[in-house]
Amino acid sequence: MPMLLLAVVVLAAANALNHLLPPAAYVPVCATTAALLVLIARRAGLTWDELGLSRASARRGLRWGLVLAGAVTAVYLIGLTVPFTREAFQDERVAGLSGGEVVYRVLVRVPLGTVLLEEMAFRGVLWALVIRRWGPAWATAVSSVLFGLWHIQPSRGLTHANAAAAAAFGPGATGVALSVTAAVTGTALAGVLLCELRRRSGSLIPPMALHCALNSAGYGLAWAASRWWGHWPFAP
């Protein structure tokens, strides 16, 4: 129990630092925090297998990961061709990036920052610490709730940056509150899916691959689409 609380405190500190420090510090903070969490887990007696990082599960995890990443990319590409879902790709935070900035986000910031920390934390260390004490149902519940709460701060500007979110929730403080609630609920439910992938595969690779594909492919396709159509909003 003390190690679980320590892991949560470390995560809370990392969340605060990522919103206080300049963007250049994001990946170092995430990587350092992930390493600290692994040290906490090992200090608590968790094995590499319990963390989903054993060699025995790596091959199966890679197979799952490739299939999941391919499926996400295919769904995104279909979504771009359908007018009803195309609006979801209208994100000012992505459209205004340079090509170099997009490459950095897709290949560095997302996999080595966001995905590394969040998967190591929520589907790796926290999940393993809780499952040892209370079983898989509690591990998934605790991990997923914390994963949802982790996204409160980044979701506060969603209605200002994303056309689909603005249309769905409306402007002003009410729209922000509704979008944050929806984002926290959605990411908590996504956390349940990621935990189930972790449980069924026995590896941390499938949830990492799915998470990375969702974020990196989303960034890349939203940016590319803004160039294909030439301006926001998309032409019909």
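Residues numbered from 1 in each chain as written. Predicted model: local features only at pLDDT ≥ 70, side-chain atom pairs only at ≥ 80, totals over all residues. Heavy atoms only, no water.

**Quick notes on the packing of aromatic side chains**
Tallied over the full model, the rule gives 2 aromatic pairs. A cation over an aromatic ring shows up here: Arg-109 above the ring of Tyr-26, its NZ or CZ 3.8 Å from the ring centre. Between Arg-123 and the ring centre of Phe-147, over which it is positioned, the NZ or CZ distance is 4.1 Å. (Phe/Tyr/Trp six-rings, centres within 6.5 Å; stacked < 30°, edge-to-face > 60°. Lys NZ or Arg CZ within 6 Å of the ring centre and 35° of its normal.)

**Quick word on the UniProt feature "transmembrane region" (unreviewed entry) in the chain**
Taken from the UniProt record, the annotation "transmembrane region" (unreviewed entry) applies to residues 26-44, 64-82, 102-122, 134-152 and 172-195. Span residues 64-82 is 95% helix and 0% strand, its end C-alpha atoms 27 Å apart. (UniProt positions renumbered as here; feature names shortened; annotations may be inferred. Helix = DSSP H or I, 4+ residues; strand = E, 2+ residues; numbered from the N terminus.)

**Structural notes on the nonpolar core**
Counting residues in hydrophobic clusters, the biggest one holds 43 residues, and the most contacted among them are Leu-11, Leu-37, Leu-117, Phe-122 and Val-125. Elements represented by at least two residues in this core include exactly helix 1 (2-20), helix 2 (26-43), helix 3 (55-81), helix 6 (99-134), helix 7 (136-150), helix 10 (172-201) and helix 11 (205-228). Ignoring anything within four residues of it in the chain, the contact list for Leu-117 reads Leu-11, Cys-30, Thr-33, Ala-34, Leu-37 and Trp-150. (Core = buried A, V, L, I, M, F, W, Y, C linked by side-chain atoms within 4.5 Å. Buried < 20%, exposed > 50% of the residue type's maximum accessible area, 1.4 Å probe, protein only. Contact = heavy atoms within 4.5 Å.)

**Points about the side chain of Ser-201**
For Ser-201, the location among the structural elements is in helix 10. We classify Ser-201 as buried; its relative accessible area is 0%. At 3.1 Å, the side chain of Ser-201 and the backbone oxygen of Ser-203 are in polar contact. Excluding its chain neighbours within four sequence positions, the residues that come into contact with Ser-201 are Ser-57, Arg-60, Trp-64 and Pro-206. (Polar contact = N/O pair within 3.5 Å; in protein donor to acceptor, adjacent residues only side chain to side chain.)

**A word on helix 2**
With 18 residues, helix 2 should reach 26 Å at 1.5 Å per residue; the first-to-last C-alpha distance of 26 Å fits that figure. Looking only at helix 2, the buried set comprises Tyr-26, Val-27, Val-29, Cys-30, Thr-33, Ala-34, Leu-37, Val-38, Ile-40 and Ala-41. Contact partners of the buried residues in helix 2: helix 1 and helix 6. (Expected span 1.5 Å × (residues − 1).)

**So, the side chain of Ser-143**
Examined against the element boundaries, Ser-143 turns out to sit in helix 7. Not counting chain neighbours up to four residues away, the residues in contact with Ser-143 comprise Phe-122, Arg-123, Trp-127 and Cys-195.

**Observations regarding the packing of helix 1 against helix 2**
In the contact formed by helix 1 and helix 2, the axes pass within 10 Å of each other and the chain directions differ by 175 degrees. Relative to helix 2, helix 1 is oriented roughly antiparallel. When helix 1 is examined against helix 2, the residues Met-3, Leu-6, Ala-7, Val-10, Leu-11, Ala-14, Leu-17 and Asn-18 are found in contact with a partner set consisting of Tyr-26, Val-29, Cys-30, Thr-33, Leu-36, Leu-37, Ile-40 and Arg-43. Of the residues belonging to the contact of helix 1 with helix 2, the class tally is 13 nonpolar, 2 polar and 1 charged. (Axes fitted to C-alpha atoms, helices over the stretch in contact; angles between N-to-C directions. Parallel < 35°, antiparallel > 145°, perpendicular 65-115°, else oblique. Nonpolar A, V, L, I, M, F, W, Y, C, P; charged D, E, K, R; others polar.)

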